[in-house]
Amino acid sequence: MKVVVNDETVEIDDQMTVAGLLESLGFPEKGIAVAVNWSVIPRSQWDTTLDDGAKVEVVTAVQGG
């Protein structure tokens, strides 16, 4: 099955969760926000299984002035 992560198509397993996807793509555990199909997903719901064709956006926090 396929999902789109930050405009890149990624092949994933049928039971892939948001947390599993982030880990497999090397995203850090902290300092990021995740939206699935344009809805922000709180960290407490990262065990949610992704659907085929889901659009995932991962934003990394940046600090500066």
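Residues numbered from 1 in each chain as written. Predicted model: local features only at pLDDT ≥ 70, side-chain atom pairs only at ≥ 80, totals over all residues. Heavy atoms only, no water.

Enquirer: Which parts of the structure should I look at to understand the overall build of the chain?
Expert: Each helix and strand counted, the chain has 1 helix and 5 strands in total. Going from N to C terminus, the chain has its helices and strands arranged as β-β-α-β-β-β. Radius of gyration (C-alpha) of the chain: 12 Å, near the 11 Å computed for a compact globule of 65 residues. Taken along its principal axes, the extent of the C-alpha atoms in the chain is 40 × 25 × 20 Å. Counting across all 65 residues of the chain, residues that qualify as buried make up 28%. Summarising the internal contacts of the chain: among those between residues at least 6 apart in sequence, 52% fall at separations of at least 24. About 4,500 Å² of surface is accessible on the chain, with carbon and sulfur atoms providing 49% of the total. Charge separation in the chain, taken as the distance between the mean sites of 4 positive and 11 negative side-chain charges, equals 6 Å. (Helix = DSSP H or I, 4+ residues; strand = E, 2+ residues; numbered from the N terminus. Rg over C-alpha atoms; globule rule 2.2 N^0.38 Å. Buried < 20%, exposed > 50% of the residue type's maximum accessible area, 1.4 Å probe, protein only. Contact = heavy atoms within 4.5 Å. Areas by Shrake-Rupley, 256 points an atom, 1.4 Å probe, with all protein chains shown as cover. Lys, Arg positive; Asp, Glu negative; His and termini not counted. Charge placed at Lys NZ, Arg CZ, Asp CG, Glu CD.)

Enquirer: Explanation requested: the nonpolar core in the structure shown.
Expert: Side chains of nonpolar character tend, in soluble globular proteins, to be buried together. Val3, Leu21, Val34, Val36, Leu50 and Val56 are the most contacted members of the largest nonpolar core, which totals 17 residues. Only strand 1 (2–5), helix 1 (18–24), strand 3 (32–36) and strand 5 (55–60) provide two or more residues apiece to this core. When residues no more than four places from it in sequence are discounted, the contact partners of Val3 are Glu8, Thr9, Val10, Ile12, Leu21, Leu50, Asp51, Gly53 and Ala54. (Core = buried A, V, L, I, M, F, W, Y, C linked by side-chain atoms within 4.5 Å.)

Enquirer: It is not clear to me how the pairing of strand 5 should be interpreted in this structure. Could you clarify?
Expert: For a regular strand, the rule is simple: side chains alternate between the two faces of the sheet. Of the strand pairs in this sheet, strand 1 and strand 5 are connected by 2 bridges, and their pairing is parallel. Among the inter-strand pairings, Val5 is bridged to a residue of strand 5, identified as Val56. Of the strand pairs in this sheet, strand 3 and strand 5 are connected by 5 bridges, and their pairing is antiparallel. For Ala33, the partnering residue across the bridge sits in strand 5 and is Val59. (Pairing = 2+ DSSP bridges.)

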